[in-house]
There are 8 protein chains.
Amino acid sequence: MPDQGFIDLGFARVDTDRRRRCGFPEVVFGHGKTPAEALAIARVLLEREPVLLVSRANSAQAEALAAEFPSTRWHERARCITVERAPWPKLPGSVGIVCAGTSDLHVADEAAVTLEIFGGSVQRFTDIGVAGLHRLLAVRDALEACTVLIVVAGMEGALPSAVAGLVSKPVIAVPTSVGYGASFGGVAALLGMLNSCGSGVTVVNIDNGFGAAYAAAQILRLQS
Amino acid sequence: MPDQGFIDLGFARVDTDRRRRCGFPEVVFGHGKTPAEALAIARVLLEREPVLLVSRANSAQAEALAAEFPSTRWHERARCITVERAPWPKLPGSVGIVCAGTSDLHVADEAAVTLEIFGGSVQRFTDIGVAGLHRLLAVRDALEACTVLIVVAGMEGALPSAVAGLVSKPVIAVPTSVGYGASFGGVAALLGMLNSCGSGVTVVNIDNGFGAAYAAAQILRLQS
Amino acid sequence: MPDQGFIDLGFARVDTDRRRRCGFPEVVFGHGKTPAEALAIARVLLEREPVLLVSRANSAQAEALAAEFPSTRWHERARCITVERAPWPKLPGSVGIVCAGTSDLHVADEAAVTLEIFGGSVQRFTDIGVAGLHRLLAVRDALEACTVLIVVAGMEGALPSAVAGLVSKPVIAVPTSVGYGASFGGVAALLGMLNSCGSGVTVVNIDNGFGAAYAAAQILRLQS
Amino acid sequence: MPDQGFIDLGFARVDTDRRRRCGFPEVVFGHGKTPAEALAIARVLLEREPVLLVSRANSAQAEALAAEFPSTRWHERARCITVERAPWPKLPGSVGIVCAGTSDLHVADEAAVTLEIFGGSVQRFTDIGVAGLHRLLAVRDALEACTVLIVVAGMEGALPSAVAGLVSKPVIAVPTSVGYGASFGGVAALLGMLNSCGSGVTVVNIDNGFGAAYAAAQILRLQS
Amino acid sequence: MPDQGFIDLGFARVDTDRRRRCGFPEVVFGHGKTPAEALAIARVLLEREPVLLVSRANSAQAEALAAEFPSTRWHERARCITVERAPWPKLPGSVGIVCAGTSDLHVADEAAVTLEIFGGSVQRFTDIGVAGLHRLLAVRDALEACTVLIVVAGMEGALPSAVAGLVSKPVIAVPTSVGYGASFGGVAALLGMLNSCGSGVTVVNIDNGFGAAYAAAQILRLQS
Amino acid sequence: MPDQGFIDLGFARVDTDRRRRCGFPEVVFGHGKTPAEALAIARVLLEREPVLLVSRANSAQAEALAAEFPSTRWHERARCITVERAPWPKLPGSVGIVCAGTSDLHVADEAAVTLEIFGGSVQRFTDIGVAGLHRLLAVRDALEACTVLIVVAGMEGALPSAVAGLVSKPVIAVPTSVGYGASFGGVAALLGMLNSCGSGVTVVNIDNGFGAAYAAAQILRLQS
Amino acid sequence: MPDQGFIDLGFARVDTDRRRRCGFPEVVFGHGKTPAEALAIARVLLEREPVLLVSRANSAQAEALAAEFPSTRWHERARCITVERAPWPKLPGSVGIVCAGTSDLHVADEAAVTLEIFGGSVQRFTDIGVAGLHRLLAVRDALEACTVLIVVAGMEGALPSAVAGLVSKPVIAVPTSVGYGASFGGVAALLGMLNSCGSGVTVVNIDNGFGAAYAAAQILRLQS
Amino acid sequence: MPDQGFIDLGFARVDTDRRRRCGFPEVVFGHGKTPAEALAIARVLLEREPVLLVSRANSAQAEALAAEFPSTRWHERARCITVERAPWPKLPGSVGIVCAGTSDLHVADEAAVTLEIFGGSVQRFTDIGVAGLHRLLAVRDALEACTVLIVVAGMEGALPSAVAGLVSKPVIAVPTSVGYGASFGGVAALLGMLNSCGSGVTVVNIDNGFGAAYAAAQILRLQS
């Protein structure tokens, strides 16, 4: 049987050709999968790739994988599982992950875990709100020293605009569902970021730390 | 016939008791009124009050009033008519009107016209966007020197958060309909301001420069 | 190491410069913080400030603070923690907090707790709905005697309009999430308030009793 | 060919059975019909009924009908055409049509024209806003003396709640598209009315003066 | 102390004047009240009125009232409490309550309980969907024999249009939150009803069986 | 150069392989194309196909095509251009196009033009509203005699539910933007159709008569 | 008593005439029905029909039916109950059910159960996302070999467009509520499908696998 | 007077420090500016920078600039003005701009003009819709050869997902307002892109070709 670029497990078609086309192996979306299903997919991928990332995962899935793959790690706050049979080659440069508030940390963590499993270096900047601009100005040079910036914010989502006006590096904005009332589960932040007056800000889905990190990794990869 | 506190013109009941209750005379909402209707209402009010403000007005209404009241002024960009038979007593303190971009000027003008007809002093700060924070930091002390701040912004509406974090004075935010796409005619700015991380920011309707100015005038009036 | 105006705790940058800039010390947003995190931030602030407010807090946080700061109080219905090492200087004037219905009391409480920890005097007016206007007219003079009015209402949010038409004082409207069906968790009340025909009504986020109180405190502070 | 209860004109099936089932003859929705189409339908109906109402009409349609039916009247502000070959029997009682502002008059007119062509008596109350409650209280007894009340309001749509709390009669609320910004073309008023704390308020579509009047006529008809 | 028309319980101002103004005594909105609060309000009202209705109630409130008022009844599916010290005078006529599906029964029950406590006669028509029109046509004459019709429907909310085209009686439509996906908790049904091509359909809030019944009772009362 | 299945005109890549894959030739979306662009694409397609359809077209495009292709027809109300070098093979069966009101005719026309250019037989049923069910019941047998039904309706969009409950044939529903206020440009009708209690109703975009007709043609084609 | 085409159970009117009109027997919407109610309806239908389908069902209902009807089956992931006293006649052709991801399987199952109880043949294609087009191209011929295609997708809902461009068969798209953030419970997928550039795609409600299957069965039935 | 990093023109504060901080000079948002205002700002910037870009511009502004700056160019379809006193240094790499349909060309043009004035190389791929995947597969290698991809699409916005699954390069998605009905002016495309199953896709505001190009230029700049 010829190689079709995927393995059909019946309940899933695992894309084994992803790295060739896209540079990184397939990432498993854990939501709604049984531990057995997650494990079956993991086997297919880890036979071919040194590392595995399961996003939106749960601890039962993590246990299933850990029983078979000793390097399994469960990142609780990030809701991610990683398995590292061998390290992925280091990516050049570094990514700054900036958080507007402490409630955004689980999204920032998802971004950090994603970057690190794919060889990216991460620098964290936590609790940098626009209501205290001195906290932002104090790290201006450190931000500029990064290759790419991921800026995570809930509520009004104003931080990416302020950051983009201070540095020359690409800014990827992640709205979070933090807030209440007219934040509408992150919609206010999302709209704020889409309408940013800071030129060049790009945006991913609400709480999508993984997506921002993947985009950042693609940019780092260009330097190599 | 006893004084009911209003004059019934058939098509309108003019509230002649407003100043006694609320401190300022009734303001006429010009939208949808014929010049003749606007004039009839103006006559009732100017018989009793030294000044008149018509908001959301048009030039035909202005011409009708000017023919009878020589002190009529047509503020085109603010879409307001003012008539000043005698000046209203000066209010103490001053109001800073801050604009995020040059497209917001007609809203800022509506606020300024409103304040000035009711005796308020206005200081203007134009084109202070969060994408160039040095422009904001340069006026920090001048903002703090005002009694109240009106902050006008479209797009992501982030300026009020940044201002509120720098000064101790009440900040009234006015979202404007400036923007395109997912700004949804000012909704993005409105949501941003309602979710502001800057404590104490209050908000008025989109493009409602009049409402912000009226609220600011009420605050100034408390000092007297 | 020079004073940067904030203390970096790793998971949070506490803004120790807030009172100098904004007149009141930083308020802690309790949502999503562990008791240990809340305590660590409280230590930094209470070393420098006589009082502390944690909004959107929970009882576990309250217990952690109470173990170290004897003056800790847990305001359950308001979901707030206060600590008062020494009283904050009294603010001049008073704030009237008006409620449309009994279901709005937790939001009114949040406003009252906020004002009182920052030295404000509060007068409560409870269950004043527009469907029984005599209940409103009966307190008209008492409302006018306040310096600022906070009007809390769910459902159609009509009360601020009626109040603003009766008094000369600034009215800050707080929509609440009370209602069902097409109230959409407070959106109907929010829109009603933003479109108020009562001149000068300003609005804060749904259920944001804290924000309304903070704005009221800023206005009281102007009188001193 | 047996009577099917409708006449098929090819481009329209005119419901000639409506009066038998529903008590009033079919009303023509003028929007999008050519003058010739409107005339053809009018002929079918006026052959069978003493009166005709075309809602959402235009002046070209009115001219076409007037050329053939001398009693044609074009109600410009109401955007309605009426033809009255013979008067419809008088309905008992009366309907009070209450307007919050002068901008709502075209909707109130549509309601009045509808009621009058179907034999209803109308009493108008104009410009009764909640921001000046004395204007409402002054007409309380006159409102109670009506059989049904239609309350028309834009912006925050608070008037029906206040009226419903003062009288014992059915209140039909009509939101109008008057307002700007977050009024969203009448949505704010619509939501306000749907969430009214005034028990028993029922609501029709935005700007639907016709629908409110038709419902009121149905109620009047019950008394006969 | 003069009679103000309300009793101030501190946490609530009970409107004791409601029946004089509005024809029916105040109805208590149970949501968010403790059993003790509900009981205190019930005492005030039952001292003055023969009957009491608590809507959006719970069983704990019902138990508190039952301990003191033996005629207390807990209507579980309707989420209502009634107390009947003495029967309310019978209202003339009758109200037909029509349900589109069996999932709408709790809303229809709320309407029925409300009408019956205020002396209204109710006739129920259950499970009359537009996807089987013969079920509707079979009851056409029975519907016409009622004085007012309340039509309850979720999903696309089409039933009121069909009913209104068959009868001459007022139709009050109640959208329900029954459905899934793009029903958006009753919004689809609400919009369907507001845009009904059946002339004269009026609408109340989603799931608001109480409001529809109250409006129907007001209409019945006109006949007496 | 090998055949890639498309012709690259620089400003457009014309899909010349569509008929082989999908059974019908590519249809041109006219919106936003200059007459010259429309003509260039038409040349590519008519060289290979006997018929051409341009949807969302304008008269300038029609003139450009007519100058070169004598069989060009401009269907004004349907906003379509057809060119028929040779007739497309007749499809078996027939499609019933049902309209709720006369305002929906341009959408019904777009559907009819689309079907006819691709060999479909069309039967029209006009002005069949649910507010006069006898008009629908009168054509029940004629509807059942069709192979597929396209049901076009604005406002509350209830007609597809009623039709689907009467016949055994596939029903494709087309919401139209007819209505005002809370019809939101066809959203009310769209939601009504998506939530239809009539089993098996499928839905296309607002005003998308073309899409419904294309789907109907695909079903007819299955019979051949 | 004459046969009215329905049986009135008091709480429900069971449509016993559905098969005669619509080709398939009534399907029971399980949501909100007690086991006893579901059983009573099942008795009425199974007395007349060989098969029964209860959608949106629960296991308690399934147990109640199983106690009386031995052929009862509970399809957990599909949330459906089927009872098969005798098989329904086989429908000609086959339906391909295509899934974009593994999280969509419960919706695909609902479609499959519905088709199979009504005699349809089903072919499953699982986990065919647009982010790995080779997985789609690999099954192109198998898809074309089906009579109708049901395409199930959450997130951005792009799969139906890609499928429709590859085959000549009718495509019925089912958006699912899979996703997070700005997927808004399936709205993003729904809008994507309604705006599909793939000609002829029709759409059903979010998660409505039943509706898609019913429409497919109607199309299959046309071939017989 | 010290250099503040901006020039205050009264109506605008021109950010002359932008290039130092952000790598590119300030871009002028033309919307709402008079030609004289645009010219005044252009003078300030062109005194300091070799190139100028005015986005969302009009031809009157272009004429005003052309009269003073001979290298002024008016890009009509892109609604941009460029002035090039001296060329900006070439950026390494190249950007592929991919269009889903011919209606998206003005947005693609805005992106191209932006990139070219800032030294970027652009390769255009026009009319690559997902309904004809062979058109996409034919350019797969050419896309991979670019450094960054900007993918522009209206309607359901599915193209970025398909592209992202084929290449390893960063994909910036631009939703356009092309479509009708439930496309809601680009919202459907925006949501589709935010929910893309193609890992790493980032998104800018509807029709924001400028923003996407600016972000792409920032990424190119990293390579130098």
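In what follows, the accompanying structure is described. Just so we're clear, the structure is a prediction, and the values are computed from it rather than from any experiment.

1. Observations regarding the packing of aromatic side chains
Residue and element names in this part refer to chain A. For the structure on display, the rule yields 43 aromatic pairs over all chains. Of the aromatic side chains, those joined through ring pairs into one cluster are F24, W88, F118, F210 and Y214. Sitting over the ring of F24, R221 keeps its end group 5.9 Å from the ring centre.

2. Remarks on the side chain of D:S55
Residue and element names in this part refer to chain D. Positionally, S55 belongs in strand β4 (residues 51-55). Under the relative-accessibility criterion, S55 is labelled buried at 5%. Here S55 is in contact with V27, V28, F29, G30, H31, R79 and C80, once residues within four sequence places are set aside.

3. Focus on the packing of helix α2 (residues 35-46) of chain F against helix α3 (residues 59-68) of chain F
Residue and element names in this part refer to chain F. Following both chains from N to C, one finds α2 and α3 inclined at 45°, their axes separated by 8 Å at the closest point. Regarding the angle of α2 to α3, the classification is oblique. Our pair here, α2 against α3, has a crossing hand that is right-handed. Taken together, the residues of α3 that come into contact with α2 (itself represented by P35, A38, L39, A42 and R43) are A60, Q61, A64, L65 and E68. Of the residues in the contact of α2 with α3, the class split is seven nonpolar, one polar and two charged.

4. Section: the relation of the copies chain E and chain C
When chain E is fitted onto chain C, the two copies agree to an RMSD of 0.0 Å after a turn of 90° and an axial shift of 0.0 Å. The two molecules are tied by a four-fold rotation axis, judged by turn and shift. Taking C-alpha positions as reference, the residue of chain E nearest the rotation axis is E:F184, located at 7.5 Å.

5. Some details on the pairing of strand β6 (residues 80-84) of chain G
All names here are of chain G. By the criterion of burial, β6 is predominantly enclosed, with four of the five residues buried. Pairing between strand β4 (residues 51-55) and β6: four bridges, direction antiparallel. Opposite L53, over in β6, you have T82 as the bridge partner. Summarising the sheet, strand β5 (residues 73-75) and β6 pair through three bridges and their orientation is antiparallel. Pairing of H75 across the sheet is with C80, part of β6.

6. Regarding the sheet that holds strand β5 (residues 73-75) of chain E
Residues and elements named next belong to chain E. Pairing within the open sheet is mixed, and its four strands lie in the order β3-β4-β6-β5. With one partner strand each, in any of the chains shown, β3 (28-29) and β5 form the two edges of the open sheet. Docked against the sheet, helix α2 (residues 35-46) engages β3, β4 (51-55) and β6 (80-84), running at close to 150° with respect to β4. Packed onto the sheet, helix α4 (residues 105-117) meets β4, β5 and β6 and runs at close to 15° relative to β6.

7. Some remarks on the sheet that holds strand β4 (residues 51-55) of chain H
Residue and element names in this part refer to chain H. Strands sit in the order β3-β4-β6-β5 across an open sheet of four strands; the sheet is mixed. Bordering the open sheet on either side are β3 (28-29) and β5 (73-75), each of which pairs with just one other strand. Summarising the sheet, β3 and β4 pair through two bridges and their orientation is parallel. Pairing of F29 across the sheet is with S55, part of β4. Packed on one face of the sheet, helix α3 (residues 59-68) meets β4, β5 and β6 (80-84) and runs near 15° to β6.

8. Comments concerning the relation of the copies chain A and chain H
Rotating chain A by 180° and moving it 0.0 Å along the rotation axis overlays it on chain H with an RMSD of 0.0 Å. Here the two chains are linked by the operation of a two-fold rotation axis. Of the C-alpha atoms belonging to chain A, the one lying closest to the rotation axis is found on A:V203, 2.5 Å away. A shared interface surface links the copies, since 100% of the contact residues of chain A are contact residues in chain H too.

Calculation rules
Residues numbered from 1 in each chain as written. Chains lettered and ligands numbered in written order. Predicted model: local features only at pLDDT ≥ 70, side-chain atom pairs only at ≥ 80, totals over all residues. Heavy atoms only, no water. Phe/Tyr/Trp six-rings, centres within 6.5 Å; stacked < 30°, edge-to-face > 60°. Lys NZ or Arg CZ within 6 Å of the ring centre and 35° of its normal. Helix = DSSP H or I, 4+ residues; strand = E, 2+ residues; numbered from the N terminus. Buried < 20%, exposed > 50% of the residue type's maximum accessible area, 1.4 Å probe, protein only. Contact = heavy atoms within 4.5 Å. Axes fitted to C-alpha atoms, helices over the stretch in contact; angles between N-to-C directions. Parallel < 35°, antiparallel > 145°, perpendicular 65-115°, else oblique. Left-handed = near helix turned anticlockwise from the far one by under 90°. Nonpolar A, V, L, I, M, F, W, Y, C, P; charged D, E, K, R; others polar. Least-squares fit on C-alpha atoms with pLDDT ≥ 70 in both. Pairing = 2+ DSSP bridges.

This is a description of form; function is not addressed.
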